[in-house]
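A look at the structure
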Amino acid sequence: MLWITRFSAFFSAAMAVIILSPSLQSFPPAAAIRSSSHPDRSLISSFRKSPAFRNADDECLSSAADSNVCNPSLVHVAITLDVVYLRGSIAAVNSILQHSLCPENVFFHFIVSETNLESLVRSTFQELKFKVYYFAPETVRGLISSSVRQALEQPLNYARNYLAELLEDCVSRVIYLDSDLIVVDDIAKLWKTGLGPRIIGAPEYCHANFTKYFTGRFWSEERFSGTFRGRRPCYFNTGVMVIDLKRWRRGGYTRRIEKWMEIQRTERIYDLGSLPPFLLVFAGHVAPIPHRWNQHGLGGDNVRGSCRDLHPGPVSLLHWSGSGKPWLRLDSKRPCPLDALWTPYDLYRHSL
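Just so it is clear, the model here is predicted, and its values are computed rather than measured. (Residues numbered from 1 in each chain as written. Predicted model: local features only at pLDDT ≥ 70, side-chain atom pairs only at ≥ 80, totals over all residues. Heavy atoms only, no water.)

1. Thoughts on the pairing of strand 4 (residues 173-177)
Of all 5 residues in strand 4, 5 are buried; the element is thus mostly enclosed. Of the two faces of strand 4, the one lined by Arg-173, Ile-175 and Leu-177 and the one lined by Val-174 and Tyr-176 are each fully buried. Here 2 bridges tie strand 1 (residues 75-81) to strand 4, and the two strands are oriented parallel to one another. Its bridge partner lying in strand 4, Val-77 is registered against Ile-175. (Buried < 20%, exposed > 50% of the residue type's maximum accessible area, 1.4 Å probe, protein only. Helix = DSSP H or I, 4+ residues; strand = E, 2+ residues; numbered from the N terminus. Pairing = 2+ DSSP bridges.)

2. A short note on the side chain of Asp-180
Locating Asp-180 in the fold gives a position in the loop between strand 4 and strand 5 (181-183). Here the side chain of Asp-180 touches His-319 through a polar contact of 2.9 Å, side chain to side chain. Here Lys-325 takes part through its side chain, which lies 2.5 Å from a polar atom of the side chain of Asp-180. With residues up to four places along the chain from it excluded, the contact list for Asp-180 reads Leu-318, His-319, Trp-320, Ser-321, Lys-325 and Trp-327. (Polar contact = N/O pair within 3.5 Å; in protein donor to acceptor, adjacent residues only side chain to side chain. Contact = heavy atoms within 4.5 Å.)

3. Quick word on the packing of aromatic side chains
What describes a pair of aromatic rings is the distance from one ring centre to the other and the angle between the planes of the rings. One pass over the structure, following the stated rule, counts 24 aromatic pairs. Between Phe-218 and Phe-224 the ring centres are 6.3 Å apart and the planes differ by 10 degrees, which places this aromatic pair in the stacked class. On the accessibility criterion, Phe-218 (0% relative accessible area) is buried. The exposure class assigned to Phe-224 is buried, which follows from its relative accessible area of 3%. (Phe/Tyr/Trp six-rings, centres within 6.5 Å; stacked < 30°, edge-to-face > 60°.)

4. A short note on helix 13 (residues 253-267)
An ideal rise of 1.5 Å per residue puts 21 Å on 15 residues; helix 13 measures up with 21 Å between its terminal C-alpha atoms. Among all positions in helix 13, only Tyr-253, Thr-254, Ile-257, Glu-258, Trp-260, Met-261, Gln-264 and Glu-267 are buried. (Expected span 1.5 Å × (residues − 1).)

5. Remarks on the pattern of salt bridges
Using the criterion set out here, one finds 20 salt bridges in the structure. The residue Glu-104 makes a salt bridge to Arg-54 at a minimum N-O spacing of 3.5 Å. Remark: Arg-54 occurs in the loop between helix 3 (39-44) and helix 4 (61-64) and Glu-104 occurs in the loop between helix 5 (86-99) and strand 2 (106-112); sequence separation between them is 50 residues. Notably, a salt bridge pairs Arg-87 with Asp-331, separated by 2.6 Å at the nearest N-O pair. Remark: Asp-331 occurs in helix 15 (residues 326-331) and Arg-87 occurs in helix 5; sequence separation between them is 244 residues. A relative accessible area of 1% means that Arg-87 is categorised as buried. Residue Asp-331 is classed as buried on the basis of its relative accessible area, which comes to 8%. Salt bridges here are not isolated pairs; linked through shared partners, they connect Arg-217, Glu-221, Arg-223 and Glu-267. (Salt bridge = Lys/Arg side-chain N within 4 Å of Asp/Glu carboxyl O.)

Structure representation (structure tokens):
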């Protein structure tokens, strides 16, 4: 129970941060950054440098010196980077490094649709193992349909569908993480999750009302709803997944997801962004991961972004899925209590 004791102490300290730090300036608007004549310089000056994180165990040393992406001992983590969620992405990386026993063994794959972000990462995390991959918005722009929240319609939100094509063939497994979360446990534990014969692993929530993720028309027509015949589909959040890229490539799963997106364009079978196509392809065929690895929903719902509590049980990852993001609520001086847990990982310079 030492970990729980530490987390309780961390929670208490974090709560003090929010009480004792009433004046936080807002993160520069994305439009201002994009319009800067020197976008790299503007972005770089917005973040403090992270300290260098070193491997804490002798067993880590065999991988620390080898930065080749094909090194089989590396832990591979994929995260998207864009100026709107940049502050969240930087905090997520910082949290992973802080809690890793072997931080030098973690390789980050950053997926971008803008070309001015690599120097920021290199400046903020000077010894980080990483590579930046460009994802062309045109890849999915013609497949995206309107959603309940505009942020869910952004092309980069669909980049997770294409990790098998974007990453090197030698990368056979990857952890995909959203930008609005922090990890408070060793990421290597999640990496070692056994997938068995499954393509992806994720925490499942079988008590959730699965029918709400699709329209009445979907459930009323056998040609659509029949896809779940013989399965026991459960909701899972696509913001935290362990993916077997080797099996994904072999099974052509990117194209399977695209086919459902094409159907959606003409038949309107769901309303919620990039999640439903994943449910259509994988729900009922997911390797279960303990719920501690996705304490999701901390951002409230997709409209109001109201405050929420943690789910019962231990915590390894906190996820602000929903419309309420901790950096925005903190800067507006209307934070939720749990937003204080995100604050210690924020590297944004509040006074420039």
